[in-house]
Amino acid sequence: MSTDAKNNTALMEKIVSLCKRRGFIFQSSEIYGGCGGVWDYGPLGAELKRNLRTAWWNAMTRDREDVLGLDASILMNPAIWKASGHVETFADLMRECSLTNKRVRADHVDPQDGVIMNYTGAEAATGWKLDRVISVLMKKGEHIESFRKRVRLLIASNAGEAAGKPEEIVLLGEAKADAVEGSIDYHPETGGALGPARPFNLMLKTYLGPTATEDDVTYLRPETAQAIFAQFKNVFDASRVKVPFGICQIGKAFRNEVTPKNFTFRSREFEQMELEFFIKPDEAIEIISGEVAAWSEGADLSEPQANWGWDLWHRYWVDQRTKFYEGIGLGGVLEYYWQTPEDLAHYARACVDILCHFPFGTEELEGIAARGSFDLTAHQNASGKSQEVFDEELKVAAAKLSDEQKEAMIQKRLAAEQSKVKGAPMAEADVRAWFERLFKGNYVPHVIEPSAGLDRMALAIIANAYEETEKTDEKGKKEVITVLKLHPRVAPIKVGVFPLLKNKPELVAKAREVYALLKRHMNVFYDETASIGRRYARQDEVGTPFGITIDFDTLGEKGPELLDTVTLRHRDGGEQERVKISDLLGKLLAEVS
RNA sequence: GCGGGUGUAGCUCAGUGGUAGAGCAUCUCCUUGCCAAGGAGAAUGUCGCGCGUUCGAAUCGCGUCACCCGCUCCA
């Protein structure tokens, strides 16, 4: 491992340790030896997550007029997961290459010809050993030396750093076995022997109903989005909204990750915050507004416009989400990855990953995808229930189009279908049928989906707030001071209240008074033990942005002008100011909300 | 899933076959007039879990669980 990587691993370990020590995050079921890939939030972690949830909910729905909230259940009719493609994609039997662990679908192995070569194991100069039989297919026409080189490379890449350089790996007990033709027991690319066929379903299976038969199988949702699509029509009908509008939801989702790792970053139970923002198809915009606005560098994205198509809406949401992250203190550490046409799923038109710097690398916090009408159409087809909306404005505008204008739109779309990078083009008859509905004012809305992970967000906040400084005291003793520079809006504790000395009842009484005053409005921590410096330090370590100290001036000992004033200490920089108790609440609320 | 590593007090770690330790943190009392001060005392672990070897296991062996690192996976 490089020095950087070691430092980053050490940093991550310190963060994990702080999280446990101070009650942010604990390992699940720890007293029973833990439980893989799941984590519990302690008192401070619960507050942090709650603050993030509230910030997201306010930004996405409460502060807007065009987004509605939803709170759907985790368990749903399994037909939803069939329609969405989740069951099909992950219920397949897969076989794993014994050399590289690359997986192939069991029913999709191309037949191979060649000679089977067996080895009893392998070893390396580093002392590393592989003590199991390796069976690899030497393909027809492959030279024995290039074959051996290839095997060494595959072994090295799977063993990681322990095995050292590939060319220094020694293959043991080489033995030529049978020649095979049309064998489906070897990986088509690597030639490694394939293991038994096993299901690799990333969804957590459960039984709905006490009889627990195969008929009762359902899944814990692997994402919250599908519930929004499934309830789209109900929300639409119940809320007197018009497209464009959105539905957002916060909730738990579950995935049987093969390898949970990086603390809470990839876990099997996690919380998502998702918005499905429904928009008109571009063709509808063209009919109503005459044209679809084009994006250019520096375009004004602050206020949505009637002539925006999916591209501008997509960029608008990237902009909105960026502003959100800036508002919780993650502004400076974000990166963006615009997926290329090759990266994109066949139904997606564009997808931006918002990435954030973590000690273990730059990883995805949120994905913002333009998914067209893929999801609603899939549910419309599978359920047989129309997911179309009727748009009066569109119907009126379409009625004014000439037949030539209509045909020109159809031709334009047909050409676009032919030049698709991924997926089959839509048949002409289907395109014409779709326009037929559109001209009458009916369409299935398209969607922009900003999908964020709450646990990742919480981890990003903690990791990026973590700061160590070395301090030397009067005796020359060096010590490391840890500060979590959390944004006041997300900090679990907003302010600490301290009497300067606990053996002076007047100070304690006054401090309790201030504590009671603030407590009803924010999370406040009262502390009277140990020295004032230590109390400040304790709060710095958990990211409390403010400290209030009640001293003898507060009691009026230095004159009436300081009576009922306190020291307000700022975590970042440590500067102090004298504030009247009556001004405290307003001043603090402005900072923390 | 494969390979490597780790697992001892809340945290960081020492302890390699013979009665479980240190520093920090925690709690109590005293002291303390603004940035991890000092004193006195207290509490805290069947050494991840199970099985085995041994007169005797934190220590040796096997298994298992969890975490970390490297592969792999991540719709």
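Rules and cut-offs
All residue numbers refer to position in the chain's written sequence, counted from 1. Here chains are named by letter from A upward and ligands by number from 1 upward, in the order in which they appear as written. Only residues with pLDDT of at least 70 are given local features in this predicted model, and only at 80 or more are side-chain atom pairs given and counted; all residues enter the totals for whole chains, interfaces and linings. As a convention, hydrogens and water are excluded, and side-chain values are obtained from all of the structure's heavy atoms. Here, a salt bridge means any side-chain nitrogen of Lys or Arg that lies within 4 Å of a carboxyl oxygen of Asp or Glu. In this description a helix means any DSSP run of H or I spanning at least four residues, a strand means any run of E spanning at least two, and both kinds are numbered starting from the N terminus. Think of it in three bands: residues with accessible area under 20% of the maximum for their type are buried, residues over 50% are exposed, and the middle band is partly exposed, with areas taken using a 1.4 Å probe on protein chains only. The term nonpolar core refers to a set of buried residues drawn from Ala, Val, Leu, Ile, Met, Phe, Trp, Tyr and Cys, joined through side-chain atoms within 4.5 Å. When checking whether two residues touch, look at their non-hydrogen atoms; a contact exists if any pair is within 4.5 Å. By this definition, two strands are paired if DSSP reports at least two bridges between them. By this rule, a helix spans an expected 1.5 Å times one less than how many residues it contains. We call a residue near a molecule or strand as soon as one heavy atom of that residue lies within 4 Å of the molecule or strand. Whenever a nitrogen or oxygen atom comes within 3.5 Å of another N or O atom, the pair is scored as a polar contact, on the condition that within protein one atom can donate a hydrogen and the other can accept it, and that pairs from neighbouring residues in sequence are kept only if both atoms are in side chains. Ten residues, namely Ala, Val, Leu, Ile, Met, Phe, Trp, Tyr, Cys and Pro, are considered nonpolar, four, namely Asp, Glu, Lys and Arg, are considered charged, and the remaining ones, Gly among them, are considered polar.

So, about the pattern of salt bridges. All chains considered together, the criterion is met by 35 salt bridges. Residue arginine 315 is joined to aspartate 311 by a salt bridge in which the shortest nitrogen-to-oxygen separation is 3.0 Å. Within this pair, arginine 315 and its partner aspartate 311 are both found in helix α9 (residues 310–327), separated by 4 residues, close to a single helical turn. Judged by relative accessible area, which is 18%, arginine 315 ranks as buried. Here arginine 432 and glutamate 407 are joined by a salt bridge, their closest N and O atoms 2.9 Å apart. On the criterion of sequence distance, the pair formed by arginine 432 in helix α13 (residues 428–439) and glutamate 407 in helix α12 (residues 403–418) is long-range, its members being 25 residues apart. Residue class for arginine 432 comes out partly exposed when judged on its relative accessible area of 29%. Here the salt bridges do not stand alone but share partners, grouping Lys49, Arg53, Glu271 and Asp455 into one network.

Quick look at the nonpolar core now. Within the largest apolar cluster, 59 residues are counted, with the highest numbers of intra-cluster contacts made by Phe24, Leu52, Trp317, Tyr325 and Ile328. The leading source of residues in this core is helix α14 (residues 454–465), at 9 residues. Once residues within four sequence positions are removed from consideration, phenylalanine 24 is found in contact with Cys19, Asp40, Tyr41, Gly42, Leu44, Gly45, Leu48, Ile462, Leu484, Pro492 and Val542. Of all hydrophobic cores here, the second largest spans 40 residues; its members include Trp81, Val87, Val243 and Ile287.

For the rest of this paragraph, the subject is the pairing of strand β6 (residues 112–119). Within a regular strand, the side chains alternate between the two sheet faces. Sheet analysis places β6 next to strand β11 (residues 175–183), joined by 5 bridges and oriented antiparallel. Pairing of valine 115 across the sheet is with alanine 179, part of β11. Looking at chain direction, β6 and strand β9 (residues 134–139) are connected through 6 bridges and run antiparallel. Within the sheet, the bridge partner assigned to asparagine 118 lies in β9 and is serine 135.

The subject of this paragraph is α14. Here α14 contains 12 residues, and its C-alpha end-to-end distance of 16 Å stays within 8% of the 16 Å for a straight helix at 1.5 Å per residue. Here α14 lies mainly inside the structure; 10 of its 12 residues are buried. Looking at α14, one finds that the buried residues are Leu454, Asp455, Met457, Ala458, Leu459, Ala460, Ile461, Ile462, Ala463 and Ala465.

Quick look at the protein's contact with RNA strand B now. Inspection of the region around RNA strand B gives 57 residues, with Lys20, Gln27, His86, Arg266 and Ser531 positioned closest. Near the protein, meaning within 4 Å, the atoms of RNA strand B are sugar or phosphate in a fraction of 55%, with bases accounting for the rest. Residue serine 17 places a side-chain N or O atom 3.0 Å away from a sugar or linking oxygen belonging to RNA strand B. The side chain of glutamine 576 places a nitrogen or oxygen atom 2.7 Å from a base nitrogen of RNA strand B. Of all the secondary-structure elements, those providing two or more residues to the surface near RNA strand B are α1 (3–21), α4 (86–90), α5 (144–159), β24 (478–484), α16 (532–541) and β28 (565–570). Residue contributions to the surface near RNA strand B peak at 6 residues, all from α16. Looking at the surface near RNA strand B residue by residue, the class counts come to 16 nonpolar, 23 polar and 18 charged.

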